[in-house]
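Next come the chains, spelled out residue by residue.
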Amino acid sequence: MIYKESHALILNNIARFIDLTELEKQKYLSLLTDIKVKKKAFLMQAGDFAKYEYFIIKGCLKVYTLDEDGAPYISMFAVEDYWTGDMASFMTKEPTPYFIKATEHSELLGISRANYDLLFQEIPKFERFYRILYQRSLVSYIRRSNHGISLTAEQRYIEFKKKYPKIVNRITQKDLAAYIGITPEFMSKIISKVNRM
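Residues numbered from 1 in each chain as written. Predicted model: local features only at pLDDT ≥ 70, side-chain atom pairs only at ≥ 80, totals over all residues. Heavy atoms only, no water.

## Some details on a nonpolar patch on the surface
Here is step 1 of the chain: A contiguous nonpolar surface patch, about 330 Å² in accessible area, is contributed by Leu 138, Tyr 141 and Ile 142.
Here is step 2 of the chain: Mapped onto the fold, Leu 138 is located in helix 5 (residues 126-150). (Patch = residues over 30% accessible without salt bridge, like charges linked within 9 Å, V, L, I, M, F, W, Y side chains within 5 Å. Areas by Shrake-Rupley, 256 points an atom, 1.4 Å probe, with all protein chains shown as cover. Salt bridge = Lys/Arg side-chain N within 4 Å of Asp/Glu carboxyl O. Helix = DSSP H or I, 4+ residues; strand = E, 2+ residues; numbered from the N terminus.)

What follows is the structure in structure tokens.
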């Protein structure tokens, strides 16, 4: 069967970990919601309840919290072929501490909690898919935490450029600084130094 581009992208993402029959693909796609977010608009704000887990079809979003002074701490950027959301809020139905804001016009597919539960009942192999997805997310979180402790800001920037070459040129220097955990001024000095190397 020929799928529209957005459906082909998510099905290819899933096919990395589980095989689906055509009927299972159709059922899964029927459980998804198309979502569009304009640049600078919020997909979710602190205090909201996470209603969906999101897959990015097009665009770029940043996931962040605010410190006591109101400065952002960016925990991740999500671009095409990435999953994002607040899994804890989604699973526990408690308010999220996160903001998710589009840095570009973005198109997503979302699965609601009710459809997520229905998916596991009707296609149990998706439990394997989401388990792998969450395990990979946890490993990424642990590595990022360890890098924050063990690497210098310059090393974190070099690591980010290597790991996310598709993202580094799509975000502002200010957002990159909030991800690395430094001021925009120090970020500018690091970028200049690394570019001279």
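## A word on the sheet that holds strand 8 (residues 106-112)
Here is step 1 of the chain: Spatial ordering of the open sheet is given by 1-8-3-6, a layout of four strands whose pairing is antiparallel. Taken across any chain shown, the strands that pair with only one partner, and hence form the sheet edges, are strand 1 (32-37) and strand 6 (83-84).
Here is step 2 of the chain: Two elements, strand 3 (residues 52-58) and strand 6, share two bridges in a ladder whose sense is antiparallel. Bridge pairing in strand 6 links Phe 55 to Trp 83.
Here is step 3 of the chain: Contacting strand 1, strand 3, strand 6 and strand 8, helix 1 (residues 5-15) crosses the sheet at an angle of about 115 degrees to strand 3. (Pairing = 2+ DSSP bridges. Contact = heavy atoms within 4.5 Å. Axes fitted to C-alpha atoms, helices over the stretch in contact; angles between N-to-C directions.)

## A look at helix 1
Here is step 1 of the chain: Of all the residues in helix 1, the buried ones are Ser 6, His 7, Ile 10, Leu 11, Asn 13 and Ile 14. An end-on view of helix 1 places all buried positions within 155 degrees of arc, on one side of the element. Residues of helix 1 that are exposed and point more than 90 degrees away from the buried face comprise Glu 5 and Asn 12.
Here is step 2 of the chain: Check the buried side of helix 1 and you find it contacts helix 2 (22-30), strand 1, strand 3, strand 6, strand 8 and helix 5. (Buried < 20%, exposed > 50% of the residue type's maximum accessible area, 1.4 Å probe, protein only. Arc of directions from axis to C-beta.)

## Side note on the packing of aromatic side chains
Here is step 1 of the chain: Applying the stated criterion across every chain, the model contains 20 aromatic pairs.
Here is step 2 of the chain: Look at Phe 17 and Phe 129: their rings are 6.0 Å apart centre to centre, the planes differ by 50 degrees, and that puts the pair in the tilted class. Of this pair, Phe 17 sits in the loop between helix 1 and helix 2 while Phe 129 sits in helix 5; the two residues are 112 residues apart in sequence, bridging distant segments of the chain. The residues Phe 17 and Phe 129 share a single accessibility class, namely buried.
Here is step 3 of the chain: Ring geometry for Phe 126 against Phe 129: centres 6.0 Å apart, planes inclined by 80 degrees, an arrangement best described as edge-to-face. (Phe/Tyr/Trp six-rings, centres within 6.5 Å; stacked < 30°, edge-to-face > 60°.)

## Describing the UniProt feature "domain: Cyclic nucleotide-binding" (unreviewed entry) in the protein
Here is step 1 of the chain: Within the UniProt annotation, "domain: Cyclic nucleotide-binding" (unreviewed entry) is assigned to residues 16-120.
Here is step 2 of the chain: In this annotation, residues 16-120 is assigned 22% helix and 42% strand; the end-to-end C-alpha distance for the span is 18 Å. (UniProt positions renumbered as here; feature names shortened; annotations may be inferred.)

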